[in-house]
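# What the coordinates show
Listed here are the chains, written in short residue letters.
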Amino acid sequence: MADLSINFAGIKAPNPFWLASAPPTNSGYQIMKAYEAGWGGAVWKTLGMPTINVSSRYGATNYRDTRMAGFSNIELISDRPLEDNLREMREVTKRFPNHATIASLMVDTRQEWNDIIKMVEDAGAAGIELNFGCPHGMCERGMGSAVGQDPVVLKTIVEWVMDAASIPVITKLSPNISHITDPGMAAVEAKTDAISLINTVKSIVGIDLDTYAPYPVVDGKGTNGGYCGPAVKPIALHMLKELKQHPQIKDTPVSGIGGIETWRDVVEYILLGATSVQVCTAAMHYGFGIVREMEAGLRKFMDERGYQTIYDFAGKALPNVTEWKHLNLEYSVKAKINEDKCVGCDLCYIACDDGAHQAIALPQEGQGRIPSIIEENCVGCNLCSLVCPVEGCITMERKDDGSKHRTWDERTQADNIPNTWNDDRAGGKGHYVPEPALALENKRKDRSKW
Amino acid sequence: MAEYKRPANEAEFQANFKQKKPLMNATQAYYESSRCLFCYDAPCMNACPTGIDIPLFIKQIHTGNVEGAAKTIYDANWLGNACGTVCPTGVLCEGSCVYNNQDVPPLQIGRLQNFATKSVIDQNKAMYQPGPDNGKKVAIIGAGPAGIACACELRTLGYAVDIFEAKEKPSGLTVYGIAPYKITNEEVLAEMKYLQDQLGYNVHYNQAITSKEQITQLENDYDAIFLGVGLGATAFRNLPGEDKNGVYGAVEFIEDLRMNHEKTHVGNRVIVLGGGNTAMDAASESARMGASEVTLAYRGSKEKMGAYDFEYELAVGAGVKGVFDASPTEILGNGSVSGVKFKRASGEEFVMECDMVIKATGQAKQGSFFSLIDGLELDDKTRIKVNPETNQSTNPKYFAGGDAINGGAEVVNGAHDGKLAARGIDAWLK
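Sequence positions are assigned chain by chain, starting from 1 and proceeding in written order. Chains carry letters from A onward and ligands carry numbers from 1 onward, assigned in written order. For a predicted model such as this one, the threshold for reporting local features is a pLDDT of at least 70, and the threshold for listing and counting side-chain atom pairs is 80 or more; totals across whole chains, interfaces and linings nevertheless cover every residue. By convention in this description, side-chain values take in all heavy atoms of the structure and omit both hydrogens and water.

## Points about the overall build of chain A
Secondary structure is summarised from DSSP: a helix means a run of H or I of at least four residues, a strand means a run of E of at least two, and numbering begins at the N terminus for each. Helix and strand counts for chain A stand at 13 helices and 20 strands. Per-residue burial over chain A gives 49% buried out of 450 residues. Considering only contacts in chain A between residues 6 or more positions apart, those separated by 24 or more positions represent 69%. Using a 1.4 Å probe, the Shrake-Rupley method yields the accessible areas, and only the shown protein chains count as cover for residues. For chain A, the exposed surface amounts to about 22100 Å²; the carbon and sulfur share of it is 50%. For this count, His and the chain ends are skipped, Lys and Arg are scored as positive, and Asp and Glu as negative. All charge positions are set by atom: Lys at NZ, Arg at CZ, Asp at CG, Glu at CD. Averaging the coordinates of the 46 positive side-chain charges in chain A and doing the same for the 57 negative ones gives two points 2 Å apart. For every residue, the accessible area obtained with a 1.4 Å probe (protein chains only) is divided by the maximum for its type, and the residue is called buried under 20%, exposed over 50%, and partly exposed between those limits. Contacts are assigned to residue pairs with any non-hydrogen atoms lying within 4.5 Å of each other.

What follows is the structure, given as structure tokens:
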């Protein structure tokens, strides 16, 4: 049976499922409850400069009947007295010495960093996470993402921390930057033990149509929040890959954060090189019990594939993430509709006709509603298979025989790329496109209006 | 049987006639509307006789534009609320939902429709206004679904409209003839008031048009006349003994029930004769009124019945027993009914005892009334012949719709016919 335990830059934990520094880790009560529920670690809600929080702190992006597909907050770091937090931390680390109880910190001056590091080490913290990510409130005071967005400042502070700390240090990065490798390199140059990412994305989740203020509305006003939840996972995965493919950063352990809710999310993060994962929104949505599904799924995945530890498959997807120019231009897939499964919603038809390449035809009037693929028009874009509501109904079938492999890069080297406006070698040359006037004959029927 | 206790008061009546499609709450509507796939050229829309843009109104409900959803519905169907509850959605819109093809429950389109329409009716949100007066007048005979729809549409086009209705309430069989568990009188009449308040057509109640003189007067006073007269009373077909006490016509029985609720007389052992939807309703209603035994007797096989399968299931669910291959030959009894003699196809005869018989063997035609109108051609089933594009009859001044042209169909068909006729009238008078 798979062994889920990890040693993350010297921080040991019974499993890679950690709670991210956030409201679920606001108190010793919550963290111990989480450990009882099966979490392997928790990053304490950020300790540091005293704060005051507003009432009305969270907003959400709901999609159809899904609540909190994206989640935003304007809550600051812990507003509880440091002494209370430290007392509770001491109790948690004493009762759960084998769990990864990590102190997230955010202070200003070097002296403050030195002092607070000493305090959390005394409280038994297994590691420190540096909050350089908060994109709301604290950044206005020169902390949080204000640091994460400035590699020079970030490097200086990490150096102070590395000087002062005797326990492992994780530098948490902000995604609110063009090149995540810039702060990543700064952290590595300052000899951080590990990196975690992403912190929240600067965002406005929506506008209240009654008050004309952004959510969450605080007495008629709002401010940008930090966006997280399932919606940000793709952004986080990409940034994780950027770090893990960077020659100077790739060997630094990374704790993955951003929209993790299911075992699949966890596996994807590990496949791109994360060796611990942190969760916030899912715990805020479903409670700590959500970890049961992650653990069961991860175990099943590992047992089926014969992996003993997560290190057996960590980073295994990285060699397959490449630049566009290295993709095989000879590869060809075309859509195939399984007529036995098709329900006749014709979403594939209209998606292709309006949004893609006019490669799906409807049957003749009176011949039912099952559409058909016009193979010569199909460019293999996948759109129909993505909009199809039926499991396994539209599949993309490989059409080339796999014998040819030609990339843009290779064609460039062979001086065989289109390079004039009307070059015959351009991809769309000769591809069928309906005459514009045909659009006027193809109007939607509206029987209610005759 | 006796699943239902005889209702002694209105509350018990309502409990026995619990609404089959209750109004959704906002949460139900939110989750249900989220399921719609927004099919291209949606089958549900094509299955609707009035062509309501169903995917659009469902999306509008989901995005919180409930009033917009109601507008989408009423733009296509003036009886949007009544149709949401009384339409046989299982064989129309919901029956054609593509989810059925993968055994996923179809969208509850009827209930979503009511969620939207009921919301604007309850808030009395006016969405329509009469068109500028064009100086022309149209008379409508019959305030049933077809007549009301025709009136609403004509008013938006600027016509003055007078409806002549034989009874004292509008909406025809919607209030007088639909099973009480499908819609309440209050709900029907609220929609009628909602429409009339916005569009201001006149309805003259208790004004049956029955004579040549009246017809001539209307022809003199109005530019066009719409016939939405429906069908007549239950057809009695000279079955021996059908004049005995305790023999009722289904249409009259249901009207009594709709108007008088628990005060309606229902026997202990009821035999309903017929195999159509009205027979199912009458049988189901007798059971819900606490009859200890309700038998539905049909001359043919179960499969040959004209009723929708779901209507039969509903009756059986209420405790009705079906007897097939049973042609009534005589109603027995000494003054009051005591039984019915039946004959099987094999010639075998048998008697079933009862103290009430409800005949649901079809409604009488309006042939004698139609004969008052010059040049009005009828088909071999005594239905008014119309141009299907305009619903204009063979007497160009007359247009028609609803049961008078289709021989007896749904409220939604009447709603569509009336609207179509209004457009036809407008095109003809322009």
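## Things to note about the domain arrangement of chain A
Under the domain assignment, chain A is made up of domain 1 (6-317) and domain 2 (324-441). Domain segmentation is taken from an automatic or database assignment of domains. Taking only C-alpha atoms into account, the centre of domain 1 of chain A sits 41 Å from that of domain 2 of chain A.

## Observations regarding the nonpolar core
Core analysis: the biggest nonpolar cluster contains 97 residues, and Trp39 and Leu298 of chain A have the highest contact counts within it. Residues within four places of Trp39 of chain A in sequence aside, it is in contact with Asn15, Phe17, Trp18, Leu19, Ala34, His99, Val279, Phe288, Ile290, Val291 and Met294 of chain A. Here, nonpolar core means buried Ala, Val, Leu, Ile, Met, Phe, Trp, Tyr and Cys residues that are tied together by side-chain atoms lying within 4.5 Å of each other. Listed in part, the 94 residues of the second largest apolar core include Val343 of chain A together with Ile140, Met192 and Val411 of chain B.

## Overview of the interface of chain B and chain A
Each side of the interface is counted separately: chain B has 29 residues, and chain A has 22 residues. A 1.4 Å probe defines the accessible area here, and the buried area is the portion of it lost by two parts on being joined, summed over both. The junction of chain B with chain A conceals about 2200 Å² of combined surface from both sides, 52% of it contributed by carbon and sulfur atoms. Taken as a group, Leu37, Tyr40 and Gln102 of chain B account for 30% of the area that chain B buries against chain A, more than any other trio of residues on that side. Any Lys or Arg side-chain nitrogen located within 4 Å of an Asp or Glu carboxyl oxygen qualifies as a salt bridge. On inspection of chain B and its partner chain A, the count reaches zero salt bridges.

## As for the sheet that holds strand S11 (residues 349-353) of chain B
All names here are of chain B. We call two strands paired when DSSP finds no fewer than two bridges between them. The sheet built from three strands is open, its strands ordered S9-S10-S11 with antiparallel pairing. Strands with a single pairing partner mark the edges of an open sheet, and in this sheet they are strand S9 (327-334) and S11. Each strand of the sheet is rotated relative to its neighbour by a mean of 25 degrees, with strand direction disregarded. Direction of pairing for S9 relative to strand S10 (residues 336-343): antiparallel, over a ladder of seven bridges. Opposite Gly333, over in S10, you have Val337 as the bridge partner. Helix axes are fitted only over the stretch in contact, all axes being lines through C-alpha atoms; the angle between N-to-C directions runs from 0 to 180 degrees.

## With respect to the pattern of salt bridges
Residue and element names in this part refer to chain A. Within the structure shown, the criterion is met by 37 salt bridges over all chains. For the salt bridge of Arg80 with Glu88, the shortest nitrogen-to-oxygen distance reads 2.6 Å. Residue classification places Glu88 among the buried residues on the basis of a relative accessible area of 15%. We note a salt bridge from Arg110 to Asp163, for which the minimum N-O separation is 3.0 Å. Highlighted residues: Arg110 in helix H3 (residues 110-122) and Asp163 in helix H5 (residues 151-164), separated in sequence by 53 residues. By relative accessible area, which is 37% here, Arg110 ends up partly exposed. Among the charged side chains, a salt-bridge network with shared partners connects Lys45, Arg57 and Glu75.

## Points about the domain arrangement of chain B
When its domains are assigned, chain B resolves into domain 1 (21-122), domain 2 (137-231 + 365-429) and domain 3 (247-359). Between the C-alpha centres of domain 1 of chain B and domain 3 of chain B the distance comes to 34 Å.

## Thoughts on the state of the cysteines
Residue and element names in this part refer to chain B. Whenever a pair of cysteine sulfur atoms sits within 2.5 Å, that pair is classed as a disulfide. Taken as a whole and assessed by the stated rule, the structure comprises zero disulfides over all chains. Unpaired in this structure, Cys87 has its nearest cysteine sulfur neighbour in Cys83, at a distance of 4.2 Å. Unpaired in this structure, Cys150 has its nearest cysteine sulfur neighbour in Cys152, at a distance of 9.4 Å. Overall, the relative accessible area of 0% leaves Cys150 in the buried class.

## Points about the pairing of strand S8 (residues 127-131) of chain A
All names here are of chain A. Counting buried positions over the five residues of S8 gives five, a clear majority of the element. Neither face of S8 is exposed, since Gly127, Glu129 and Asn131 on one face and Ile128 and Leu130 on the opposite face are all buried. The pairing of strand S7 (residues 100-106) with S8 spans four bridges and is classified as parallel. Directly across from Ser104, in S8, lies its bridge partner Glu129. Assignment of crossover handedness uses the view with strands pointing away from the viewer, where a clockwise path from the first strand over the helix to the second indicates a right-handed crossover. The β-α-β motif built from S7, the intervening H3 and the parallel element S8 has right-handed crossover chirality.

## Some points on a nonpolar patch on the surface
For patch detection, residues must exceed 30% relative accessible area and be free of salt bridges, and they are connected within 9 Å for like charges or within 5 Å for nonpolar side chains (Val, Leu, Ile, Met, Phe, Trp, Tyr). Taken together, the side chains of Ile204, Ile207, Leu209 and Tyr212 of chain A make up a nonpolar region of the molecular surface, amounting to roughly 510 Å² of accessible area. Structurally, Leu209 of chain A can be placed in the loop between strand S12 (207-208) and strand S13 (213-214).

## Things to note about helix H5 (residues 66-76) of chain B
Think of an α-helix as turning once every 3.6 residues; residues three or four places apart then point the same way. Residues and elements named next belong to chain B. Of all 11 residues in H5, eight are buried; the element is thus mostly enclosed. Residues of H5 that are buried include every one of Val66, Gly68, Ala69, Ala70, Thr72, Ile73, Tyr74 and Ala76, and no others. If you follow the buried residues of H5, they end up packed against helix H4 (54-62), helix H6 (80-86), helix H8 (109-122), helix H11 (185-199) and helix H18 (411-429).

## Regarding a positive patch on the surface
Taken together, the side chains of Arg237, Arg299, Lys304, Lys365 and Lys381 of chain B define a basic patch exposed on the protein surface. On the secondary structure map, Lys381 of chain B appears in the loop between helix H16 (367-370) and strand S13 (398-400).

## Considering the side chain of Asn77 of chain B
Residue and element names in this part refer to chain B. Counting through the fold element by element, Asn77 comes out in the loop between H5 and H6. Between N or O atoms, a polar contact is any pair within 3.5 Å; within protein, one atom must be a potential hydrogen donor and the other a potential acceptor, and residues adjacent in sequence are included only when both atoms are from side chains. One polar contact links the side chain of Asn77 to the main-chain amide nitrogen of Leu79, over a distance of 2.7 Å. Among residues more than four places away in sequence, those in contact with Asn77 are Thr50, Ile52, Cys83, Val412 and Ala415.

## Structural notes on the sheet that holds strand S8 (residues 321-323) of chain B
Residues and elements named next belong to chain B. Pairing within the open sheet is parallel, and its five strands lie in the order S5-S12-S6-S7-S8. Of all the strands in the sheet, just strand S5 (247-249) and S8 have a single pairing partner and so form its edges. Ignoring strand direction, the axes of neighbouring strands in this sheet form an average angle of 25 degrees. Packed on one face of the sheet, helix H13 (residues 250-260) meets S5 and strand S12 (356-359) and runs near 85 degrees to S5.

## Concerning the packing of helix H2 (residues 82-95) of chain A against H3 of chain A
All names here are of chain A. Two elements in contact, H2 and H3, have axes separated by 9 Å at closest approach and are oriented at 35 degrees. Each of Leu82, Leu86, Met89 and Arg90 in H2 lies in contact with H3, whose residues at this interface are Ile116, Met119, Val120 and Asp122. Partitioned by chemical class, the residues of the contact of H2 with H3 number six nonpolar, no polar and two charged. Charged residues are taken to be Asp, Glu, Lys and Arg, nonpolar residues to be Ala, Val, Leu, Ile, Met, Phe, Trp, Tyr, Cys and Pro, and polar residues to be all remaining types, Gly included.

## What about the side chain of Arg288 of chain B?
Residue and element names in this part refer to chain B. Inspection of the secondary structure assignment puts Arg288 in helix H14 (residues 277-288). Among buried Asp, Glu, Lys and Arg side chains, Arg288 stands out as unpaired, with Glu285 the closest opposite charge at 7.6 Å. Not counting chain neighbours up to four residues away, the residues in contact with Arg288 comprise Tyr4, Lys5, Pro7, Asn16, Phe17, Tyr181, Leu314 and Ala318.

## A look at unusual backbone geometry
Backbone geometry follows two general trends: most residues other than glycine have a negative phi, and most peptide bonds adopt the trans configuration. For the bond running from Leu197 of chain A to Ile198 of chain A, omega is 10 degrees, close enough to zero to count as cis. Cis peptide bonds are those with omega within 30 degrees of zero, and the linkage from Tyr215 of chain A to Pro216 of chain A qualifies with -15 degrees. Following the sequence through the fold, Pro216 of chain A ends up in the loop between S13 and strand S14 (225-228). Phi is positive for His261 of chain B, which is not a glycine, with a value near 45 degrees. Inspection of the secondary structure assignment puts His261 of chain B in the loop between H13 and strand S6 (269-273).

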